[in-house]
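Spelled out from the first residue to the last, the chains are:
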Amino acid sequence: MKSNSLIEQKTLDLAIGLPLLPRTLEWAKTNSGTTNLKGLETVAGALANAFSILPGETRLIDPEPVEAVRADGTVDLVQRGQHLVTSIRPDAPVRILLTGHMDTVFAADHPFQQIRELDDGVLNGPGLADMKGGISVMLGALQLLEQSAIASRIGYDVMINSDEEVGSGSSAALIEKLAGGKIAALTYEPALPDGTLAGERGGSGNFSIIFTGKSAHAGRNPDEGRNALIAAADMALRLKAIHREGLSVNPAKIDGGGPNNSVPDHAILRVNFRPKSLDDQQEAQSLLKILIDDIAKEHDLSVHCHGGFGRPPKPIDPEAQKLFGLVKRCGADLGLDINWRGTGGVCDGNNIAACGVAVVDTMGVRGGAIHSSDEFLITESLVERTQLSALTVMRIAEKGGL
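Please read these numbers as outputs of a predicted model, since none were measured by experiment.

A. Broad picture of the overall build of the protein chain. Within the protein chain, the secondary structure is distributed over 10 helices and 18 strands. Taken over the C-alpha atoms alone, the protein chain extends approximately 85 × 40 × 40 Å along its principal axes. Residues classed as buried in the protein chain amount to 53% of the 402 residues present. Here the contacts in the protein chain between residues at least 6 apart in sequence split such that 79% fall between residues at least 24 apart. Just so you have it, the protein chain exposes about 17,300 Å², and 51% of that area is on carbon and sulfur atoms. Across the protein chain, 38 positive and 50 negative side-chain charges occur, with their mean positions spaced 3 Å apart.

B. Representation of the packing of helix H2 (residues 20-28) against helix H10 (residues 381-399). Two elements in contact, H2 and H10, have axes separated by 9 Å at closest approach and are oriented at 110°. Classified by the angle between their axes, H2 and H10 sit roughly perpendicular to one another. Residue-level inspection shows Leu20, Leu21 and Thr24 of H2 in contact with H10, the latter providing Leu382, Val383 and Thr386.

C. Region of the structure containing the nonpolar core. Membership of the largest hydrophobic core comes to 63 residues, with the highest contact counts inside it found for Leu47, Phe51, Leu98, Tyr156, Val158 and Ile160. Those residues within four positions of Leu98 in sequence are excluded, and the remaining contacts are Met138, Leu142, Tyr156, Asp157, Val158, Met159, Leu186 and Tyr188. Residues Ile209, Ala232, Ile242 and Leu288 belong to the second largest nonpolar core, which totals 24 residues.

D. Fine view of H10. Under the 1.5 Å per step criterion, the end-to-end length of H10 is 27 Å for 19 residues, consistent within 8% with the ideal 27 Å. For H10, a buried count of 16 out of 19 residues is recorded, marking the element as mostly surrounded by other parts of the structure.

E. Looking closely at the packing of helix H8 (residues 318-333) against H10. At a minimum axis separation of 9 Å, H8 and H10 run at an interaxial angle of 120°. Taken together, H8 and H10 sit at an angle that is classed as oblique. As for the relative orientation of H8 and H10, their crossing is right-handed in sense. Together, Leu323, Leu326, Val327, Cys330, Gly331 and Asp333 of H8 and Leu388, Leu391, Thr392, Arg395 and Ile396 of H10 make up the contact between the two elements. Among the residues forming the contact of H8 with H10, the class breakdown is 7 nonpolar, 2 polar and 2 charged.

F. Local environment of the sheet that holds strand S5 (residues 95-101). Across the sheet, 6 strands lie side by side as S1-S4-S8-S5-S9-S16; this open sheet has mixed pairing. Edge positions in the open sheet fall to strand S1 (57-61) and strand S16 (359-360), since each of these has one partner strand only. In the packing of helix H4 (residues 128-146) onto the sheet, the strands contacted are strand S4 (83-88), S5 and strand S8 (155-161), and the crossing angle to S5 comes to about 150°.

G. Quick peek at the pattern of salt bridges. Counted according to the given criterion, the structure contains 25 salt bridges. Across the salt bridge formed by Asp280 and Arg244, the nearest N and O atoms sit 2.8 Å from each other. Within this pair, whereas Asp280 is found in helix H7 (residues 278-299), its partner Arg244 is found in the loop between helix H6 (228-241) and strand S12 (247-256), the two being separated by 36 residues in sequence. Judged by relative accessible area, which is 12%, Asp280 ranks as buried. By relative accessible area, which is 28% here, Arg244 ends up partly exposed. Where Asp348 meets Arg311, a salt bridge forms, and the shortest distance between an N and an O atom there is 2.6 Å.

H. Geometry of the sheet that holds strand S6 (residues 116-119). An order of S6-S7-S18-S17 is seen for the 4 strands of this open sheet, with the pairing classed as antiparallel. Unpaired on one side and paired on the other, S6 and strand S17 (367-368) mark the two borders of the sheet. In this structure, S6 lies alongside strand S7 (residues 122-124), joined through 3 bridges in antiparallel fashion. Note that in S7 the partner of Glu117 across the bridge is Leu123. This element, H4, spans S7, S17 and strand S18 (376-378) of the sheet and lies at about 40° to S18.

I. Geometry of the packing of aromatic side chains. All chains considered together, the criterion is met by 5 aromatic pairs. Between Phe207 and Phe273, the aromatic rings sit 5.5 Å apart at their centres with planes inclined by 90°, giving edge-to-face as the arrangement. Note that Phe207 is positioned in strand S11 (residues 204-212) and Phe273 in strand S13 (residues 266-275), a separation of 66 residues in sequence. For the pair shown, Phe207 and Phe273 are each scored as buried. With a centroid separation of 5.4 Å and an interplanar angle of 70°, the aromatic rings of Phe207 and Phe309 are classed as edge-to-face. Taken together, the residues Phe207 in strand S11 and Phe309 in strand S14 (residues 302-311) connect sequence positions 102 residues apart. Phe309 matches Phe207 in its accessibility class, with the two residues each being buried. Among the aromatic residues, those joined into a cluster by ring pairs are Phe207, Phe273 and Phe309.

J. Quick look at the environment of Asp103. With respect to the helices, strands and loops of the structure, Asp103 is situated in the loop between S5 and S6. Overall, Asp103 belongs to the buried group, its relative accessible area being 0%. Remark: the alpha-carbon pair of Asp103 and Glu164, spanning 61 residues in sequence, is separated by 6.9 Å. Those residues in contact with Asp103, other than ones at most four positions away along the chain, are Ser32, Thr34, Leu40, Asp130, Asn161, Ser162, Asp163, Glu164, Glu165 and Val166. At 2.8 Å, the side chain of Asp103 and the side chain of Thr34 are in polar contact. Engagement of the side chain of Asp103 in a polar contact is seen with the backbone nitrogen of Glu164, the distance being 3.3 Å.

The rules behind each value
- Residues numbered from 1 in each chain as written.
- Predicted model: local features only at pLDDT ≥ 70, side-chain atom pairs only at ≥ 80, totals over all residues.
- Heavy atoms only, no water.
- Helix = DSSP H or I, 4+ residues; strand = E, 2+ residues; numbered from the N terminus.
- Buried < 20%, exposed > 50% of the residue type's maximum accessible area, 1.4 Å probe, protein only.
- Contact = heavy atoms within 4.5 Å.
- Areas by Shrake-Rupley, 256 points an atom, 1.4 Å probe, with all protein chains shown as cover.
- Lys, Arg positive; Asp, Glu negative; His and termini not counted.
- Charge placed at Lys NZ, Arg CZ, Asp CG, Glu CD.
- Axes fitted to C-alpha atoms, helices over the stretch in contact; angles between N-to-C directions.
- Parallel < 35°, antiparallel > 145°, perpendicular 65-115°, else oblique.
- Core = buried A, V, L, I, M, F, W, Y, C linked by side-chain atoms within 4.5 Å.
- Expected span 1.5 Å × (residues − 1).
- Left-handed = near helix turned anticlockwise from the far one by under 90°.
- Nonpolar A, V, L, I, M, F, W, Y, C, P; charged D, E, K, R; others polar.
- Pairing = 2+ DSSP bridges.
- Salt bridge = Lys/Arg side-chain N within 4 Å of Asp/Glu carboxyl O.
- Phe/Tyr/Trp six-rings, centres within 6.5 Å; stacked < 30°, edge-to-face > 60°.
- Polar contact = N/O pair within 3.5 Å; in protein donor to acceptor, adjacent residues only side chain to side chain.

Here it is as structure tokens:
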């Protein structure tokens, strides 16, 4: 086992003096739900100011347009917040990517807005763990790196997006661009309370299937109509029938219908797929196309599918194994037992892995109950995880790779 050198330890000890908790609390005071553009603007400004202490360029990037299918079947563009990008030593021979997100799942009118202490060293509050604490850890690790003797050996890009919680539709292209040429990536989703990391991840696809039938009087000439609601319900049942181990299919909502005396000519089925592997994803795509064609023919109406697999499955390939191994060894040298396990959850780590870049995507704080009013942060993990990230990056810089 390699223990920390005196130079490494001297750098890591500086984490104790960083404002890790104060800035986490300050950022979490502002609601930054994905749809709260004003709150996101405030947080993006605060983050831009915080990351400007690093020796590079920090800028805010306008989001790509995102389409959304409304309940009436029209397709509109949805506005998202700006994304933060910081680039340090772009010409360095070894470069990595660090990512996070500033948005939360809690809308501006959500009742969960306050921070409170649950226990000694445990805080409850919106976005503390997912992931304003993680962003503070990321910045802290980079602050330590920049104070080390080997900082000049490595370059990096930081990307903090505003729409991760809704699939990163407006930032996916940015993530792909920044992942290019990187030997590794770290993403700052929260670890489990015991420090366990997420390993392989399944994928996720969201679809809105639009059914356009023909209206008719329910009593006078019902058979002349083409019932879009029945077609949508039939599709939902057929989709659920292909649910199996390795491919979760969740028909979640049907928009449509109308007065009892009219055959409904419009409906939209919302469905989520969770494939475990790329083969499962390809099977889902093939089956979806077959079912759409069958439903359209059998119900004699029009069916249009909108959406896609925004989060490809993330397997653990040999390069990812190397990166996980490095993080585990760094943890051991810090007295931490780092383990990982597969999960059905998805994040930007899925997108990064799809670019062929090894990624560990739970380098953030230890916490739990995320996406609920019980979300909590274990405060001692701020220093702990900052040191883990800093040591990992320093070892990559020292070795010139994984």
